[in-house]
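Structural overview
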Amino acid sequence: MSGCVAIIAALPREIAGLVRGTKPDVGLLHRGIHLHRLPHAIVVAAGMGSQRVTLAFAEAVAAASISTVISTGLAGSCTSGLAAGNVGEASAVIEARTGERFVTVSPPSAYVLATTETIASVREKARLAETYAAAMVDMEAATVARLAAAHELPFRAIKAISDAHDFELASLARFAGKNGYFRTGAFAIHTALRPHHWSKAMQLGRVSTLALASLHAALREVVAAV
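Now for a look at the structure at hand. Fair warning: this is a prediction, and the values are worked out from it, not measured in the lab. (Residues numbered from 1 in each chain as written. Predicted model: local features only at pLDDT ≥ 70, side-chain atom pairs only at ≥ 80, totals over all residues. Heavy atoms only, no water.)

**Here we look at the overall build of the chain**
The condition is simple: In DSSP terms, a helix is any run of H or I states spanning at least four residues, a strand is any run of E spanning at least two, and both are numbered starting from the N terminus. Exposure is judged per residue with a 1.4 Å probe applied to protein chains only, and the accessible area is read against the type maximum: over 50% gives exposed, under 20% gives buried, and values in between give partly exposed. The contact criterion used throughout is that any non-hydrogen atoms of two residues lie within 4.5 Å. All accessible areas in this document rest on Shrake-Rupley with a 1.4 Å probe, and a residue is counted as covered only by the protein chains that are shown.
When helices and strands are tallied, the chain shows 6 helices and 9 strands. Burial status across the chain gives 51% buried among its 226 residues. In the chain, 69% of the contacts between residues at least 6 apart in sequence involve partners at least 24 apart. Summed over all atoms, the accessible surface of the chain reaches about 10,500 Å², with 57% contributed by carbon and sulfur.

Spelled out as structure tokens, the structure:
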């Protein structure tokens, strides 16, 4: 394949609707890398965080000649102006730890996305909005942006908003596994034993599903335009 879009996400759930009907590269699954080949696109999910998304990027550029790189998946909102369930595209991505800034090829009217090392709390979302004028927060986009720049590839960040600026489910952060994957089973058991978490967990699941459906529709349009 030539001139493909590389679509990089963290979790298989974040690309499931986009790659439905295809099978991942079986040679990579033992490393926790889910790589799918679509007409004009390489779609990869390899786990959360910088180290795992670096693996995903490496496999994407090895699989095809890449024309554009897109960081995608779920993100949190840092402002009341961006509601949960929406899809947002970033005009700039900021590494929150260092302040390093990456400009995307998206229109300048788009949102600012901040990347952190852990799932952002309500307090952290507010800090990112105040410090960087961030509207969104994720855990991978800055790394993808840095890698795209190193390969002199155009970069975009298109995210589905799973949680509002004032939403927090504190137990989420503790279930990010060492391999970059969310420990869904352990989280389900933890939540089942805590009825006061049920409504928030169900809200997060419901909104995330709707947001991902909109995200996949947006990404299909991007791929179709290649």
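**So, unusual backbone geometry**
Of note in the backbone geometry, His40 takes a positive phi value of approximately 75 degrees without being a glycine. Looking at the secondary structure, you find His40 in the loop between β2 (34-38) and β3 (41-45). By relative accessible area, which is 41% here, His40 ends up partly exposed. Despite not being glycine, Ala133 has its phi angle at roughly 55 degrees, a positive value. Relative to the helices and strands, Ala133 is located in the loop between α3 (122-132) and β8 (136-138). On the basis of relative accessibility, which here comes to 54%, the residue Ala133 falls in the exposed class.

**Details of the pairing of strand β5 (residues 87-95)**
Our working rule: Following DSSP output, two strands are said to pair if at least two bridges run between them.
For β5, the tally of buried residues reaches 8 of 9 residues, placing the bulk of the element in the interior. Here 3 bridges tie β5 to strand β9 (residues 155-163), and the two strands are oriented antiparallel to one another. Its bridge partner lying in β9, Gly88 is registered against Lys159. Pairing of β5 with strand β7 (residues 111-115) involves 5 bridges; the strand directions are parallel. Bridge assignment links Val93 to a residue of β7, and that residue is Leu113. By the bridge criterion, 3 bridges tie β5 to strand β6 (residues 101-103) in an arrangement that is antiparallel. Residue pairing across strands places Val93 opposite Phe102, the latter belonging to β6. Linking β5 to β6, which pair antiparallel, is a turn of 5 residues; within it Gly99 sits at a positive phi near 85 degrees.

**Remarks on the side chain of Thr72**
Here Thr72 is to be found in strand β4 (residues 66-77). Not counting residues within four places of it along the chain, the set of residues in contact with Thr72 comprises Ile7, Ile8, Ala9, Glu14, Ile158, Lys159, Leu215 and Leu219.

**Structural notes on the pattern of salt bridges**
Side-chain pairs of opposite charge can arise whenever the charged atoms involved come near each other. Note the following rule: A carboxyl oxygen of Asp or Glu within 4 Å of a side-chain nitrogen of Lys or Arg is what we treat as a salt bridge.
Following the criterion strictly, the structure yields 9 salt bridges and no others. Within the structure, one salt-bridge network assembled from shared partners comprises Glu95, Glu100 and Arg146.

**Brief notes about the pairing of β9**
Most of β9 is tucked away, with 8 of its 9 residues classed as buried. Inspection of the sheet shows β4 paired to β9 by 8 bridges, in the parallel sense. The residue bridging Ala75 from the neighbouring strand is Ile161, located in β9.

**A closer look at the environment of Ala60**
Here Ala60 lies in helix α2 (residues 50-63). By relative accessible area, which is 1% here, Ala60 ends up buried. Along the backbone, Ala60 and Cys4 are 56 residues apart, and their C-alpha atoms lie at a distance of 9.6 Å.

**A short note on the layout of surface pockets**
One way to see where empty space is left: roll a probe the size of a water molecule over the atoms. Stated precisely, the cut-off is as follows: The way it works is a 1 Å grid over only the protein atoms, where trapped points that fit a 1.4 Å probe form a cavity and open points with protein on both sides within 12 Å along at least five of seven lines form a pocket, and then any residue with an atom within 4 Å of a point lines it. Grid points are joined across faces, edges and corners, and a volume is the space filled by probe spheres set on the points. In this count, Pro and Cys sit with the nonpolar residues alongside Ala, Val, Leu, Ile, Met, Phe, Trp and Tyr, while Asp, Glu, Lys and Arg are called charged and the others, Gly among them, polar.
Of the volumes computed, that of the second largest pocket is approximately 170 Å³. Surrounding the second largest pocket, Gly49, Ser50, Glu95, Arg97, Thr115, Thr116, Glu117, Met139, Thr143 and Arg146 form its lining. Broken down by class, the residue content of the lining of the second largest pocket amounts to 1 nonpolar, 5 polar and 4 charged.

**Regarding the nonpolar core**
This is how it is decided: Here, the term nonpolar core denotes a set of buried Ala, Val, Leu, Ile, Met, Phe, Trp, Tyr and Cys residues that are joined through side-chain atoms within 4.5 Å.
Formed by 34 residues in total, the largest nonpolar core has its most connected members in Ile8, Ile42, Val44, Ile66, Val69, Val93 and Phe155. Breaking this core down by element, the ones donating at least two residues are β1 (4-9), β3, α2, β4, β5, α4 (141-150) and β9. Here this core takes 6 residues from α4, the largest share from any one element. Formed by 20 residues, the second largest nonpolar core is a distinct cluster that contains Leu18, Leu38, Ala41 and Leu215.

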